Every structure is written in C-alpha cells, then in structure tokens.
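Structural characterization, general
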Amino acid sequence: AATFIQSQARGMMDCGRYVRERAAVISAQMAARRWLLRRKWSTLEAARLAAQAAAAEAAAARVKAEESAREHAATFIQSRIRGSAARQNYSTLRAAVVSVQMCARRWVLRRKWRRLEAARLEAARIAAEEEEAAREAQAQLHAATFIQSHIRGKLARGQYSAERAAVIRAQMAVRRWILRVKWTRAREAREEAERVAAEAAKAKAEGNAAVFIQSRVRGAAARNRYAKERAAIISVQMCAR
C-alpha cells in the first residue's frame, strides 16, 4: 500500500511538473512565433512596400518609357535586384527562425529526457531495495520455519520415545506378572496332580474304591479350574496387548 501511494504521488508530481513544463514551452513557442510572425510581417510589409514602390516606379517608367528606354531598363533592373535581395533576405530570416526553433525544441527535449531518466533510475533503485528487503524477509521466515520444524520434530520424537519406553515397560511388567501367575498356578496344578496321582495309586493298591473315585473327582475339578484360569489369563493378555 505504501509503495502504491508513493507511486501515485510521484506520478501526480511528475504529471504536474510535465503540465507546467509543457505550458512554459508552449508559452515560449507562442512568444517566439509571435515575434517571428511580427518580424516576418514587417519584412513582408517592407517587401510589399518595396514591391509597390517598384510597381509605381515601373508604372512611372512605363509612362516615361517613351521618353527614355534606357531609364526604363535601369528601373526594371533595379526592381529585379531589389526583389531578389528581398527574397534572399526573407529566406535568410526564415532559416534563422527555423534554426532557433530547432535549438529550443532540442533543449526542451534534452531537459525532459534528463528528468525522465532521473525518475526512472530512482524508481529502479527503490524497486531494487524493495526486492532485496522482500528476499531478506523471505529468507528470515524460511529460517524461522526450518528451526521451528526441527524443534517440533525433536520434541515429538522425544515424547514418542518416552511414551514408547513407558508402554514397553508396562507391557513387560504385565507380561512378567502374567507369567508369574501362570507359572505359579501351573506348579500348584502339577503338585496337586502329583498328589492326587499318589493318593490314587495308594488307594488302588489298598483296594479303596471310594478314595480312588474322590481323587478322580478332585482331579477333574482341578483341571476345570486350571482351564478356566488359563482362559482368564489369555483374555487378560489379549486386553493388555
């Protein structure tokens, strides 16, 4: 927005300066042209008067032609010479006026070109400074974003590592507890089975059928209890995993 306002203000200033310079140039041209026209008119008026005088002299010479042919020829030659001199003087004045106009226009154009060139160089310098500032700001923004991304990644990796280690420790603790429980119950079941087997062997040896039946019932109950506890442990493991 500031750049746009500056460009608009400079444009308005340049337009105002260009209008003032154009008005001054037009005024100078008008003054020069009026002076040239007055001078040209004076010259033409003098030429016209000279032509009228030459015509009057020619008329007088024609009137006096019958009296003196030599005088008529001399007057005719003088009028020719004066006309040629007047035309030559007019051509010289016209060439001088055209040369002055060309010099004035060249000076005005050179002055205008210098001002426009200075304005263009100033605008180019300002544009280069703004572009350099924009590049520097972009580089700073990129560096800040890069640093933030690395810091956030490092924090996220650290948090993930800590959480992963905590989860692994929890899993290991749960698995150790499950294994201890499972091993304890298996040992108890094995000891119970060995005891029942020993009692059954003893009862069988003694022929005590009742004791043998009780041992069989107790073994079935122990096996059922072991199967239920094993299923419960497996369920706990599945939930923990």
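Given the structure is predicted, the values throughout are model-derived calculations rather than measurements. (Residues numbered from 1 in each chain as written. Predicted model: local features only at pLDDT ≥ 70, side-chain atom pairs only at ≥ 80, totals over all residues. Heavy atoms only, no water.)

**So, the overall build of the chain**
Assigned secondary structure in the chain consists of three helices and zero strands. What you see in the chain, going N to C, is helices and strands ordered as α-α-α. Burial status across the chain gives 9% buried among its 241 residues. Counting only contacts in the chain whose residues sit at least 6 apart along the sequence, the fraction spanning at least 24 positions is 67%. (Helix = DSSP H or I, 4+ residues; strand = E, 2+ residues; numbered from the N terminus. Buried < 20%, exposed > 50% of the residue type's maximum accessible area, 1.4 Å probe, protein only. Contact = heavy atoms within 4.5 Å.)

**Quick notes on a nonpolar patch on the surface**
On the surface, Phe146, Ile147, Ile151 and Leu155 cluster together into a nonpolar patch covering about 420 Å² of accessible area. For phenylalanine 146, a relative accessible area of 47% puts it in the partly exposed group. (Patch = residues over 30% accessible without salt bridge, like charges linked within 9 Å, V, L, I, M, F, W, Y side chains within 5 Å. Areas by Shrake-Rupley, 256 points an atom, 1.4 Å probe, with all protein chains shown as cover. Salt bridge = Lys/Arg side-chain N within 4 Å of Asp/Glu carboxyl O.)

**Some remarks on the pattern of salt bridges**
One side chain can pair with another of opposite charge once the charged atoms of both are near each other. Enumeration according to the criterion identifies eight salt bridges in this entry. For the salt bridge of glutamate 21 with arginine 115, the shortest nitrogen-to-oxygen distance reads 1.3 Å. Taken together, the positions of glutamate 21 in helix 1 (residues 2-63) and arginine 115 in helix 2 (residues 69-206) put the pair 94 residues apart, joining distant regions of the chain. With its nearest N and O atoms 2.4 Å apart, the salt bridge here joins glutamate 132 to arginine 135. With glutamate 132 and arginine 135 both in helix 2 and three residues apart, this pair spans about one turn of that helix.

**Describing helix 1**
Over its 62 residues, helix 1 runs 88 Å from end to end, which matches the ideal 92 Å to within 8%, given 1.5 Å per residue. Burial in helix 1 covers these residues: Glu21, Leu36, Thr43, Glu45, Ala54 and Ala61. (Expected span 1.5 Å × (residues − 1).)

**A few points about the confidence of the model for the chain**
Here the chain averages 80 in pLDDT, while 90% of its residues score no lower than 70. Per-element confidence in the chain is highest for helix 1, whose mean pLDDT is 83, and lowest for helix 3 (residues 209-240), whose mean pLDDT is 73. (pLDDT = per-residue confidence, 0-100.)

**With respect to a positive patch on the surface**
A surface patch of like charges, here positive, comprises Arg106, Arg110, Arg111 and Arg114. Inspection of the secondary structure assignment puts arginine 110 in helix 2. (Lys, Arg positive; Asp, Glu negative; His and termini not counted. Charge placed at Lys NZ, Arg CZ, Asp CG, Glu CD.)

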